[in-house]
Amino acid sequence: MSVRKIAKTLELSPSTVSLALRSSPKISEETRDKVLKEATRLGYRPNAKLNELMSHLRLNSTGPNVACFGVVSFYDTLRPWERSKHLSYIYEAMQARGEALGYRLESLGLKAPGMTPARFRSVLDARGIQGLLCFGSPNVEEEFPNELDHYAVVTVGLSISTPLHRVTSHFFNDLYRTLDKLHRIGYRRPGLLLNEYEEGRTAHVYPSAYLGWCEHVLGNPLLMPILRTSEVSAERTLEWFRSNRPDVIVCVHHRREVEKLQKILQSNGISVPRDVGIAAVTQLLEGTELSGMQQNQRLMGEWAVELLASRIMNQNFGIPDNPRIELVESEWIEGTTLLSGKWN
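Residues numbered from 1 in each chain as written. Predicted model: local features only at pLDDT ≥ 70, side-chain atom pairs only at ≥ 80, totals over all residues. Heavy atoms only, no water.

> Could you give an account of helix H7 (residues 171-185), naming the residues involved and the relevant values?
Its 15 residues place the ends of H7 21 Å apart at the C-alpha level, agreeing with the 21 Å of an ideal helix rising 1.5 Å per residue. Here H7 has its buried residues at Phe171, Asp174, Leu175, Tyr176, Thr178, Leu179, Leu182 and Ile185. (Helix = DSSP H or I, 4+ residues; strand = E, 2+ residues; numbered from the N terminus. Expected span 1.5 Å × (residues − 1). Buried < 20%, exposed > 50% of the residue type's maximum accessible area, 1.4 Å probe, protein only.)

> Requested: an account of the sheet that holds strand S3 (residues 131-134), with residues and values cited.
Read from one edge to the other, the open sheet built from 6 strands follows the order S2-S1-S3-S4-S5-S11, with strand pairing classed as parallel. Either end of the sheet is taken by a strand with one partner, and the two such strands are strand S2 (104-107) and strand S11 (325-328). Within this sheet the neighbouring strands show an average axis-to-axis angle of 20°, counted without direction. Summarising the sheet, strand S5 (residues 165-169) and S11 pair through 4 bridges and their orientation is parallel. Note on S11: the bridge partner recorded for Val167 is Glu326. The strands touched by helix H5 (residues 85-101) within the sheet are strand S1 (68-72), S2, S3 and strand S4 (152-156), with S2 carrying the most contacts at an inclination of about 135°. (Pairing = 2+ DSSP bridges. Axes fitted to C-alpha atoms, helices over the stretch in contact; angles between N-to-C directions. Contact = heavy atoms within 4.5 Å.)

> Report on the environment of Gln295, specifying residues and quantitative values.
In this fold, Gln295 is placed in the loop between strand S10 (291-294) and helix H12 (297-313). On the basis of relative accessibility, which here comes to 8%, the residue Gln295 falls in the buried class. Along the sequence, Gln295 and Ser169 sit 126 residues apart, while their C-alpha atoms lie 6.7 Å from each other. If sequence neighbours within four positions are ignored, Gln295 has contacts with His86, Ser169, Phe171, Thr282, Gln283, Met300 and Ser330.

> An account of the pattern of salt bridges is needed here, citing residue identities and associated values.
Overall, the coordinates contain 15 salt bridges when judged by the stated rule. The partner of Arg97 in a salt bridge is Glu306, with the nearest N and O atoms 2.8 Å apart. Of this pair, Arg97 sits in helix H5 while Glu306 is found in helix H12, placing the two residues 209 residues apart along the sequence. The partly exposed category is assigned to Glu306, whose relative accessible area is 31%. Close ionic contact of Glu302 with Arg298 constitutes a salt bridge, the shortest N to O distance being 3.3 Å. (Salt bridge = Lys/Arg side-chain N within 4 Å of Asp/Glu carboxyl O.)

> Could you give an account of the packing of aromatic side chains, naming the residues involved and the relevant values?
Considering all chains together, one arrives at 7 aromatic pairs under this definition. Arranged with centres 5.0 Å apart and planes meeting at 40°, the rings of Trp81 and Phe135 form a pair that is tilted. A residue pair is termed long-range when its members are at least 10 positions apart, and Trp81 in the loop between S1 and H5 and Phe135 in the loop between S3 and S4 qualify at 54 residues. With a relative accessible area of 3%, Phe135 lands in the buried category. Put simply, the rings of Trp81, Tyr91 and Phe135 pair up and form one aromatic cluster. (Phe/Tyr/Trp six-rings, centres within 6.5 Å; stacked < 30°, edge-to-face > 60°.)

Given below as structure tokens:
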């Protein structure tokens with residue numbers, strides 16, 4: 001069953017029928033309903049791969065780029081990756097993978113002054129954009145606007161509460177693998193220093209991984225209390241350290257706070273790594289001497305683009321009932337804050 005057959009039956013042009021089947025705003029609701037009813041009656045089934053190919057051809061006829069993904073965020077800036085190395089590496093990977101697949105990226109101001117979801121939707125439709133890459137939000141409870149529910153959307157991280165297709169670091173596995181590695185090295189009393197904000201942004205998986213690992217490997221889920229902080233302070237850190245005597249501190253924090261931890265310990269006569277080791281679990285470790293897990297921004301960016309392209313290819317638009325979540329494991333970085341050379 002072809003578009004031309006439907007067009008002939010209804011005495012419409014094939015282009016009108018094609019636009020109606022794609023729910024184009026250029027077609028009246030009355031005509032769209034008439035076309036959909038006739039398509040159902042005649043047993044028409046769309047070919048998703050052909051639709052995507054034709055979409056590429058249409059866009060290619062208007063300029064050098066065959067297709068476009070919109071890039072949005074809920075941050076207070078149009079391009080949050082310009083303020084963050086972590087996000088900039090993700091964005092660069094998105095750009096490279098998008099270019100390889102025939103897509104360019106365009107930054108769009110979802111939070112721009114005067115912008116409303118309805119207006120934003122009209123901008124997307126006018127530019128023929130079907131797919132959105134989202135960089136998340138500083139508010140972990142942020143919801144994606146319902147008015148944008150007929151696009152394909154892939155977000156990075158867990159900060160958008162709306163069920164969306166997403167790519168994120170495998171936070172649970174990152175901490176569990178870190179603890180396993182420390183145990184193989186020879187550490188037996190790992191303590192967890194946890195950023196409260198990061199715990200909220202990662203659905204509280206770090207305490208689950210820590211307590212589960214301690215029970216499974218050491219037989220003691222209450223080895224020592226978790227130290228939760230917004231910033232690493234000397235008073236609380238030293239009190240916790242002296243009360244519990246960990247032989248290694250697993251620090252889930254921004255790298256500047258992990259470096260602060262090392263300075264606090266050493267300035268109080270506690271040698272790192274001789275007296276206590278430090279293993280960081282964080283976004284970036286480049287430019288430091290810290291040992292630990294660093295997120296894989298390249299894979300996160302590439303997988304987000306690939307996931308979005310597949311959603312469009314399969315005509316999978318709207319807020320999904322069963323969102324697809326792809327987990328990216330972090331990479332271990334060898335530094336100088338563990339006694340690995342001595343015990344291996």
